[in-house]
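Chain residues, written in single-letter form:
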Amino acid sequence: MADPDSGGAFVETLVGFGRELRAAGLPVGTGDVVTFCAAMEPLDPTDLMDLYWGGRASLVSRREQIPTYHETFLRYFLDHPAPQPDEARPFTVPQREEARSALQLPETEKRGEEREDEEAILGLMASDVSALKHKAFASCTPEELVALRRIMRTVRLTPPRRRSRRTAPAATGPRPDLRRTVREAMRTHGDPATLRWRRRRERPRPLVLVLDVSGSMADHSRALLQYAHVTSRATSRVEVFCFGTRLTRITRELEHRRPDQALDRAARAVVDWEGGTRIGASLDAFVRDFGRRGTGRGGIVVICSDGLDRGDPALLESAMQRLSRLAHRVVWLNPHGTEPASLGMAVAAPYVDDILTARSLADLEEFARSLA
């Protein structure tokens, strides 16, 4: 360990390294340097390997910055001229030589190892993406679900648009813009001016995803939740709900940029994960609590469930009837097919505009195309 009296010089060394990285073109700020110093406090400052990886975790934010960081680290800590006695760094010559041989590993070799690990995780997707898209979620391994999540990022879901009450200037339109027309005429001292027009604005319809996370949907719920996260990141007007025996709003939990953390937060918020199923009670709660406040009004409501309901069929029918009047379009995604094989599906089918299959990613892509 370094001498306690050299603590100030050690901090100055780390700060100087941050300046070197900034001079080399990396966006290293003061807060990043403070994080680097805090990360090195419990580590051994005489071990350059700890110093290297501590700085790489604290000061590098993008993969393309790694070669610059690597070269700057070698130049600063290993090839730097011998320091003066009053600013000696807490590293000895043998440790420098040992670290030199350890850190001289070519960056291309490191990247090759990372690529090999990534290919091992992706599995079948690296060889045949099309086959993985058509593979059922229930048959996918955890590694394949990770690969599917990466493919989902390429799916572009575009909800249909509707005309709003507000208007906007337009080249042509059904109604003249008298205010702009008169203003143009005043600029020309009352001479006839070009007639200006206005038309009603268009805005995307709200999209509401209601996901069944009960025990009968255990093989599909996580994949559908990943799709909901991608959808919420692709368009702004998206609300996401989960239900088993009760309804839970998870829109805020899915706002996190990182998928794993977003899904973990959503799983903690849903207390009835992989439990019973009460579709009627959950949809009734949605209509009464959120529908009255405007959620889903004039929008697209997508229910992802297998229709296995343990509640009262009369309650499900009344909830679906009110939901069909509230929403512009009701879509039911069933992982077991489009035929109403369960009692819940048979009760809800008359109030559903479209019943689609949601067995694989290819089915979800087809659903995205049907929305547009």
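From a predicted model like this one, the values you see are computed outputs, not experimental measurements. (Residues numbered from 1 in each chain as written. Predicted model: local features only at pLDDT ≥ 70, side-chain atom pairs only at ≥ 80, totals over all residues. Heavy atoms only, no water.)

### Examining the packing of helix 8 (residues 142–152) against helix 10 (residues 218–234)
Packing of helix 8 against helix 10 leaves a shortest axis separation of 10 Å and a crossing angle of 25°. By the criterion of interaxial angle, the relationship of helix 8 to helix 10 is roughly parallel. When you trace helix 8 past helix 10, the crossing you get is right-handed. Across the interface between the two elements, Leu145, Arg149 and Met152 from helix 8 touch Ala223, Gln226, Tyr227 and Val230 from helix 10. Of the residues assigned to the contact of helix 8 with helix 10, the class counts are five nonpolar, one polar and one charged. (Axes fitted to C-alpha atoms, helices over the stretch in contact; angles between N-to-C directions. Helix = DSSP H or I, 4+ residues; strand = E, 2+ residues; numbered from the N terminus. Parallel < 35°, antiparallel > 145°, perpendicular 65-115°, else oblique. Left-handed = near helix turned anticlockwise from the far one by under 90°. Contact = heavy atoms within 4.5 Å. Nonpolar A, V, L, I, M, F, W, Y, C, P; charged D, E, K, R; others polar.)

### Things to note about the sheet that holds strand 3 (residues 197–204)
Pairing within the open sheet is antiparallel, and its three strands lie in the order 1-3-2. Of all strands in the sheet, those with a lone pairing partner are strand 1 (161–170) and strand 2 (175–176), marking the two edges. Bridge count between strand 1 and strand 3: seven bridges; the pairing is antiparallel. Bridge pairing in strand 3 places Arg163 opposite Glu202. (Pairing = 2+ DSSP bridges.)

### Side note on the packing of aromatic side chains
Tallied over the full model, the rule gives eleven aromatic pairs. Centroid distance Tyr52 to Tyr69: 5.5 Å. Interplanar angle 55°. Geometry classified as tilted. Taken as a pair, Tyr52 in helix 3 (residues 48–59) and Tyr69 in helix 4 (residues 66–78) lie far apart in primary sequence, 17 residues in all. Neither residue differs from the other here; Tyr52 and Tyr69 are each classed as buried. Among the aromatic residues, ring-to-ring pairing joins Phe17, Phe36, Tyr52, Trp53, Tyr69, Phe73 and Tyr76 into one connected group. Here Arg293 stacks its cationic end above the ring of Phe290, 4.9 Å away from the centre of that ring. (Phe/Tyr/Trp six-rings, centres within 6.5 Å; stacked < 30°, edge-to-face > 60°. Buried < 20%, exposed > 50% of the residue type's maximum accessible area, 1.4 Å probe, protein only. Lys NZ or Arg CZ within 6 Å of the ring centre and 35° of its normal.)

### Quick notes on the confidence of the model for the protein chain
Chain-level pLDDT for the protein chain is 78 on average; 83% of the residues reach the 70-or-more range. In the predicted structure, residues 1–6 sits below a pLDDT of 50 and forms seven contacts with residues beyond four places in sequence or in another chain. Segment residues 80–110: pLDDT under 50, and 45 contacts once partners within four positions in sequence are set aside and those in other chains are kept. (pLDDT = per-residue confidence, 0-100.)

### Examining the pairing of strand 8 (residues 329–334)
With six of six residues buried, strand 8 is to be regarded as a mostly interior element. Residues Arg329, Val331 and Leu333 of strand 8 are buried on one face, and the alternating residues Val330, Trp332 and Asn334, pointing to the opposite face, are buried as well. Note that strand 7 (residues 300–304) and strand 8 share five bridges and pair parallel. Bridge pairing in strand 8 links Ile303 to Trp332. A crossover connection joins strand 7 to the parallel strand 8 through helix 13 (residues 313–326); in handedness this β-α-β unit is right-handed. Note that strand 8 and strand 9 (residues 354–357) share four bridges and pair parallel. Bridge pairing in strand 9 links Asn334 to Thr357. For the segment spanning strand 8, helix 14 (residues 343–348) and strand 9, crossover handedness is right-handed. (Right-handed = clockwise from strand over helix to strand, strands pointing away.)

### Some thoughts on the state of the cysteines
Per the stated rule, a full pass over the model turns up zero disulfides. The thiol of Cys242 is unpaired, and the distance to the nearest cysteine sulfur, on Cys304, comes to 9.5 Å. Accessibility expressed as a relative area gives 0% for Cys242, which makes it buried. Its relative accessible area of 4% is what places Cys304 among the buried residues. (Disulfide = S-S within 2.5 Å.)

### Here's the deal with the sheet that holds strand 8
Picture the strands of a sheet paired through backbone hydrogen bonds; they go either parallel or antiparallel. Ordered by their spatial adjacency, six strands build an open sheet running 6-5-4-7-8-9, and the pairing between neighbours is mixed. Every interior strand has two partners, whereas the edge strands, strand 6 (247–249) and strand 9, have only one. Along the sheet, successive strands turn relative to each other by an average axial angle of 20°, direction set aside. Here three bridges tie strand 5 (residues 238–243) to strand 6, and the two strands are oriented antiparallel to one another. Residue pairing across strands places Phe243 opposite Leu247, the latter belonging to strand 6. Helix 10 rests against strand 4 (207–212), strand 5 and strand 7 of the sheet, and its axis sits at about 165° to strand 4.

### Comments concerning the pattern of salt bridges
Under the defined criterion, the tally for this structure stands at twelve salt bridges. One salt bridge in this structure joins Arg198 and Asp177, with 3.1 Å as the shortest N-O distance. Taken together, the residues span a long stretch of sequence, with Arg198 in strand 3 and Asp177 in the loop between strand 2 and helix 9 (178–187) at a distance of 21 residues. Exposure remark for Asp177: the relative accessible area of 6% places this residue in the buried category. The salt bridge involving Glu184 is made with Arg196; its shortest N-O contact spans 3.8 Å. Remark: Arg196 occurs in the loop between helix 9 and strand 3 and Glu184 occurs in helix 9; sequence separation between them is twelve residues. On the basis of relative accessibility, which here comes to 22%, the residue Glu184 falls in the partly exposed class. For Arg196, a relative accessible area of 26% puts it in the partly exposed group. Within the structure, one salt-bridge network assembled from shared partners comprises Asp177, Arg180 and Arg198. (Salt bridge = Lys/Arg side-chain N within 4 Å of Asp/Glu carboxyl O.)

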